[in-house]
Amino acid sequence: MKRNPERFFIVAPIELVDDLENEIIEAWPFLLDETGRPCLDRLILEKFVGGIEIECRPVFAFQMNRILKIASRILWRKSKIKAREIFQLESQLKSTPWSEWIPAGKKIKFSIAASESKTNNEKKIHAMLNKLLSKKFQIVDEDEDFHFYLRHHQNEMTISLDTSGDHLHKRSLSVHKTEAPIRETLAAAALREMLTDISSSELKSITWLDPMAGSGTHGAELLDYNSLSPRTDFSFFSFTEVPKILKSESFWLNHLWAPKNNFKNIILADQNPKALQALRKNFTQPEGNIIILERDLFLMDSRASYSLSQDEKLFVIINPPYGERLGLSDPRKELSKILEHCWQKLKPQRLGFWSPVSAGELKLEARLVKRKKIKNGGLPVYFSVWDL
């Protein structure tokens, strides 16, 4: 049965909201409805700080958990409450139709944020919910069945139900981590920056090299580029309202979103034994065109060192270990050395580089085409792209 449109909020890092908008627009025609047919609904969206609100049928929003790579999580806007005084808030929460959303006895977690409201006491709000709902449901802090996000701002509370479960960056093959990895959502955004002007027909001609691959986050995101997330444990599967078709394995196998193996080859190299161990554990059965090599970038003096031909279309992406091998006295100088070495010896058509300093502080005689500042685990980092 066709559902009426509802509102969903797709969360993303503040700096990537525009990128998320583009990703949603690209994915929209590939979504499937409750009958398995292509989406013909009009896309309605609005940008906010920290995410994008869309109005659509739940079947489309639920699918986006497996399609969007930049999003952090997808929240279902269930209700809005206006309450200035604490007794008003309690009355409104009491009349909220919790039982229509959640089967009795289920475990519920509440994440509450309150600001610029008369009732700003988050602990008090949590205690109130516990008092109102503990007879019907289990109120927990972890291992929940349903997770609600309550935002009380300027005397208006928005109640949202999480459809994602774990943070959406927890999706890739690179489950064994090395130190300071880039989050999958950021790696996905970086790849989009490097491929913005590349057509789908050109992807197969590109060989990727990550010469400081660490645990292989870039490789995992490249493997799943324009493909469904390998995760299948999303919260929405436990909802009473979830369309049955989403629980069908054939629905996902026949999905319109593009298949894997978009690129010619994906080479992941490192010289660190711990990184190589993590790579081999994460890619125990390397899919398609993943190649794992033990190489020290500083000793590699040509493409041949990575078994690459001179006429190969090569894209290089690097997230160097900022402290361990580079020294702390002059990181700009050491990072510039890595850039120059890669550019001169490997001669890539395109080079993407993560750094704790901006591209303007690095020296490379090449054409800087893009740069973006973002936070990785709360720390500011820069991603820059150089081109021939």
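Read on for an overview of the structure. (Residues numbered from 1 in each chain as written. Predicted model: local features only at pLDDT ≥ 70, side-chain atom pairs only at ≥ 80, totals over all residues. Heavy atoms only, no water.)

### Some details on the overall build of the protein
So, point 1. Within the protein, the secondary structure is distributed over 10 helices and 15 strands.
So, point 2. Taken over C-alpha atoms, the radius of gyration comes to 23 Å for the protein, in line with the 21 Å a tight globule of 388 residues would show.
So, point 3. The buried share of the protein, reckoned over its 388 residues, is 51%.
So, point 4. Long-range pairs, those at least 24 residues apart, make up 78% of the contacts in the protein with a sequence separation of at least 6.
So, point 5. Positive and negative side-chain charges of the protein, numbering 57 and 51 respectively, have mean locations separated by a distance of 3 Å. (Helix = DSSP H or I, 4+ residues; strand = E, 2+ residues; numbered from the N terminus. Rg over C-alpha atoms; globule rule 2.2 N^0.38 Å. Buried < 20%, exposed > 50% of the residue type's maximum accessible area, 1.4 Å probe, protein only. Contact = heavy atoms within 4.5 Å. Lys, Arg positive; Asp, Glu negative; His and termini not counted. Charge placed at Lys NZ, Arg CZ, Asp CG, Glu CD.)

### Quick notes on the environment of P211
So, point 1. For P211, the position within the fold is in the loop between strand 9 (206-210) and helix 7 (217-223).
So, point 2. As for P211 and I267, which are separated by 56 residues in sequence, their C-alpha atoms are 7.9 Å apart.
So, point 3. Contacts of P211, omitting those with residues within four sequence positions, involve A269, D270, L297, Y306, V316, I317 and I318.

### Let's talk about the nonpolar core
So, point 1. Ranked by size, the top nonpolar core spans 90 residues in total, and within it W98, F110, F148 and W208 carry the most contacts.
So, point 2. With seven residues, the single largest contributor to this core is helix 6 (residues 184-195).
So, point 3. Contacts of F148, omitting those with residues within four sequence positions, involve W98, W101, I102, I108, K109, F110, S111, I159, S160 and L161. (Core = buried A, V, L, I, M, F, W, Y, C linked by side-chain atoms within 4.5 Å.)

### Topic: helix 5 (residues 122-133)
So, point 1. With 12 residues, helix 5 extends 16 Å between its outermost C-alpha atoms, agreeing within 8% with the 16 Å of an ideal straight helix rising 1.5 Å per residue.
So, point 2. Regarding helix 5, the residues found buried are I125, M128, L129 and L133. The buried residues of helix 5 occupy an angular sector of 110° when the element is viewed end-on, so they sit on one face. When the buried face of helix 5 is taken as reference, the exposed residues oriented beyond 90 degrees from it are K123 and K131. (Expected span 1.5 Å × (residues − 1). Arc of directions from axis to C-beta.)

### A few points about the pattern of salt bridges
So, point 1. Under the definition given, this model contains 25 salt bridges.
So, point 2. Among the ionic pairs, E221 bridges to R171, the shortest N-O distance being 2.9 Å. In this pair, E221 is assigned in helix 7 and R171 in the loop between strand 8 (156-162) and helix 6, connecting sequence segments 50 residues apart. As far as burial versus exposure is concerned, E221 and R171 are alike and both buried.
So, point 3. Between E193 and K370 there is a salt bridge, and its shortest N-O distance comes to 3.9 Å. Pair noted here: E193 is in helix 6 and K370 is in strand 14 (residues 367-376), with a separation of 177 residues, a long-range link. (Salt bridge = Lys/Arg side-chain N within 4 Å of Asp/Glu carboxyl O.)

### Things to note about the pairing of strand 7 (residues 146-153)
So, point 1. Taken together, the eight bridges between strand 5 (residues 107-115) and strand 7 define a ladder with parallel strand orientation. Its bridge partner being in strand 7, I112 is matched across the sheet by L150.
So, point 2. By the bridge criterion, six bridges tie strand 7 to strand 8 in an arrangement that is antiparallel. Note that in strand 8 the partner of H152 across the bridge is M157.
So, point 3. Once strand 7 ends, the chain turns through two residues before running back antiparallel as strand 8, passing Q154 with a positive phi of about 50°. (Pairing = 2+ DSSP bridges.)

### Quick look at the packing of aromatic side chains
So, point 1. Inspection of the entire model under this criterion finds 22 aromatic pairs.
So, point 2. Taking 5.2 Å as the distance between ring centres and 85° as the angle between the ring planes, the aromatic pair formed by W98 and F148 counts as edge-to-face. Of this pair, W98 sits in helix 4 (residues 98-101) while F148 is found in strand 7, placing the two residues 50 residues apart along the sequence. Across the pair, F148 and W98 agree in class, each one buried.
So, point 3. Aromatic side chains F234 and F236 sit 5.7 Å apart centroid to centroid with 10° between the ring planes, which places their arrangement in the stacked category.
So, point 4. On the basis of relative accessible area, F234 is assigned to the buried category, the value being 4%.
So, point 5. By way of ring pairs, the aromatic residues F8, F62, W76, F146, F234, F236, F237 and F239 are connected into one cluster. (Phe/Tyr/Trp six-rings, centres within 6.5 Å; stacked < 30°, edge-to-face > 60°.)

### A short note on the sheet that holds strand 2 (residues 44-48)
So, point 1. Sheet architecture is open: eight strands sit in the order 2-3-1-4-8-7-5-6, paired in mixed fashion. Each edge of the sheet is formed by a strand with only one pairing partner; in this case those strands are strand 2 and strand 6 (138-139).
So, point 2. Bridge analysis of strand 1 (residues 6-11) against strand 3 (residues 51-56) gives six bridges, and the strand direction is antiparallel. Residue pairing in the sheet places F8 in a bridge with I54 of strand 3.
So, point 3. Running over the sheet, helix 5 touches strand 5, strand 6, strand 7 and strand 8 and is turned about 150° from strand 5. (Axes fitted to C-alpha atoms, helices over the stretch in contact; angles between N-to-C directions.)

### Things to note about the state of the cysteines
So, point 1. For the structure on display, the rule yields zero disulfides.
So, point 2. For C56, which is in no disulfide, the shortest distance to another cysteine sulfur is to C39 and amounts to 8.2 Å.
So, point 3. Judged by its relative accessible area of 3%, C56 falls in the buried class. (Disulfide = S-S within 2.5 Å.)

### A few points about the sheet that holds strand 14
So, point 1. Strand order in the open sheet formed by seven strands is 11-10-9-12-13-15-14, with mixed pairing between adjacent strands. Where the open sheet ends on each side, the last strands, each with one partner, are strand 11 (290-294) and strand 14. Neighbouring strand axes in the sheet, compared pairwise and without regard to direction, differ in orientation by 15° on average.
So, point 2. Bridging between strand 10 (residues 265-270) and strand 11 involves five bridges; their strand directions are parallel. Bridged to L268 within strand 11 is I292.
So, point 3. Its contacts with the sheet put helix 9 (residues 273-282) on strand 10 and strand 11, and the angle it makes with strand 11 is roughly 160°.

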